[in-house]
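Close look at the chain arrangement
Residue-level listing of the chains:
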Amino acid sequence: MTDNAMPLGGQVEGVRAAVITPKGVAWTLTGIGLLALLPHIGVLVMKHVFGKPYLGGMANMFHLNEEHNVPTLIAVFLLMTCAAALVYTASTLPAKSRDRAGWLLMALVFAFMAFDESVQIHELTSQPINDMFNAEILQPFGWVLPYGFALIVLGAVLAPWFFRLDRASQIRFVIAGTIFVVGALGIEIIEGAHYRSLGEELSPELYTKVNQTLAHDLLWTLQESMEYIGAGYFLYAIIKRLGGIQTAPAIR
């Protein structure tokens, strides 16, 4: 090997490594969150103050309550980034580590949530659940029942893995999970109560009426914000636990 040769897979000389730090993740997620929230607030102001709810079709592109738009893309990206960070964490453990399965299972959960966010699987389960159990407290969001049950089962399965984590990670994961679950499930139940408070019978006309109220828009804003904050803080907690992630170009 000559003096100028470089070992196989070595780092490129003179090229600085890219470092993903917890602080950098926090600031990046804050900026992205504001980019999603501020246009949404502008849409609400135009809708409820100036009486212009559509803005030539542009309102739906930034409204947190709509699907297949900019906020949905951001949410899916965040959840998939969490899944990738979980897979990376598992890859840093020895092959025979009993904790690898826990990290990979969490990665699958976040990947499923990202898929659900993009195609809205949970909404397809609401009507069958409502018809099956006639759960008045959940209507029109019957999906809360099977997803809540799945959450309990998942918690039981992951409990041994969770209690082997360091205490700081346990606290951060609990905070992140609480924020996300209260936003995703708790606020949904409150929204269902809001629907029922405006009419005795659930109908498309009632849905349209509720969708035009400021209270409904504020509840959706709170729900989506809590889901984003919960997932974002979870990603921060993972990077914090890893002490950051350093990457560098390599040559063959």
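Coordinates for the structure precede this section.
Residues numbered from 1 in each chain as written. Predicted model: local features only at pLDDT ≥ 70, side-chain atom pairs only at ≥ 80, totals over all residues. Heavy atoms only, no water.

**A look at the pattern of salt bridges**
One pass over the full model with this rule turns up 3 salt bridges. In this structure, Lys47 and Asp217 form a salt bridge, with 3.0 Å as the shortest nitrogen-oxygen distance. Taken together, the residues Lys47 in helix α1 (residues 22-48) and Asp217 in helix α9 (residues 214-242) connect sequence positions 170 residues apart. With a relative accessible area of 1%, Asp217 lands in the buried category. Asp166 is paired through a salt bridge with Arg241; the nearest N and O atoms lie 3.3 Å apart. Taken as a pair, Asp166 in the loop between α6 (144-163) and α7 (167-197) and Arg241 in helix α9 lie far apart in primary sequence, 75 residues in all. A relative accessible area of 35% places Asp166 in the partly exposed class. Residue classification places Arg241 among the partly exposed residues on the basis of a relative accessible area of 33%. (Salt bridge = Lys/Arg side-chain N within 4 Å of Asp/Glu carboxyl O. Helix = DSSP H or I, 4+ residues; strand = E, 2+ residues; numbered from the N terminus. Buried < 20%, exposed > 50% of the residue type's maximum accessible area, 1.4 Å probe, protein only.)

**A short note on the packing of helix α4 (residues 100-119) against α9**
Each packed pair of helices is defined by two parameters, the angle between the axes and the distance between the axes. Interaxial distance between α4 and α9 falls to 14 Å at its minimum, and their mutual angle equals 150°. Classified by the angle their axes make, α4 and α9 are roughly antiparallel. For the pair α4 and α9, the sense of crossing is left-handed. Residues Trp103, Met106, Phe110 and Glu117 of α4 form the contact with α9, whose participating residues are Glu224, Glu227, Phe234 and Arg241. Here the contact of α4 with α9 is composed, by residue class, of 4 nonpolar, no polar and 4 charged. (Axes fitted to C-alpha atoms, helices over the stretch in contact; angles between N-to-C directions. Parallel < 35°, antiparallel > 145°, perpendicular 65-115°, else oblique. Left-handed = near helix turned anticlockwise from the far one by under 90°. Contact = heavy atoms within 4.5 Å. Nonpolar A, V, L, I, M, F, W, Y, C, P; charged D, E, K, R; others polar.)

**Thoughts on the environment of Thr30**
Turning to its location among the elements, Thr30 is positioned in helix α1. With a relative accessible area of 42%, Thr30 lands in the partly exposed category. Remark: the alpha-carbon pair of Thr30 and Ile229, spanning 199 residues in sequence, is separated by 8.9 Å.

**Structural notes on the side chain of Glu227**
Within the secondary structure layout, Glu227 lies in helix α9. On the basis of relative accessibility, which here comes to 13%, the residue Glu227 falls in the buried class. Sequence-distant contacts of Glu227, defined by excluding residues within four places in its chain, comprise Glu117, Phe180, Gly183 and Ala184.

**Some words on the environment of Glu117**
One can find Glu117 in helix α4. Accessibility expressed as a relative area gives 15% for Glu117, which makes it buried. Here the alpha-carbon distance between Glu117 and Thr72, two residues 45 residues apart in the chain, equals 7.0 Å. Residues within four places of Glu117 in sequence aside, it is in contact with Glu67, Thr72, Ala75, Val76, Leu79, Glu224 and Glu227.

**Some details on the packing of aromatic side chains**
One pass over the full model with this rule turns up 8 aromatic pairs. Judged by centre distance (4.8 Å) and plane angle (45°), the ring pair of Phe173 and Phe234 falls under tilted. In this pair, Phe173 is assigned in helix α7 and Phe234 in helix α9, connecting sequence segments 61 residues apart. For Phe234, a relative accessible area of 5% puts it in the buried group. Ring centres of Tyr233 and Tyr236 lie 5.8 Å apart, and the angle between their planes is 25°; this geometry places the pair in the stacked category. Residue Tyr233 and its partner Tyr236 are located together in helix α9, separated by 3 residues, close to a single helical turn. Of the residues examined, Tyr233 reaches a relative accessible area of 27% and is grouped as partly exposed. An aromatic cluster is built from Trp103, Phe110, Trp161, Phe173 and Phe234, whose rings are joined through pairwise contacts. (Phe/Tyr/Trp six-rings, centres within 6.5 Å; stacked < 30°, edge-to-face > 60°.)

On their own, these measurements won't tell you what the molecule is for.
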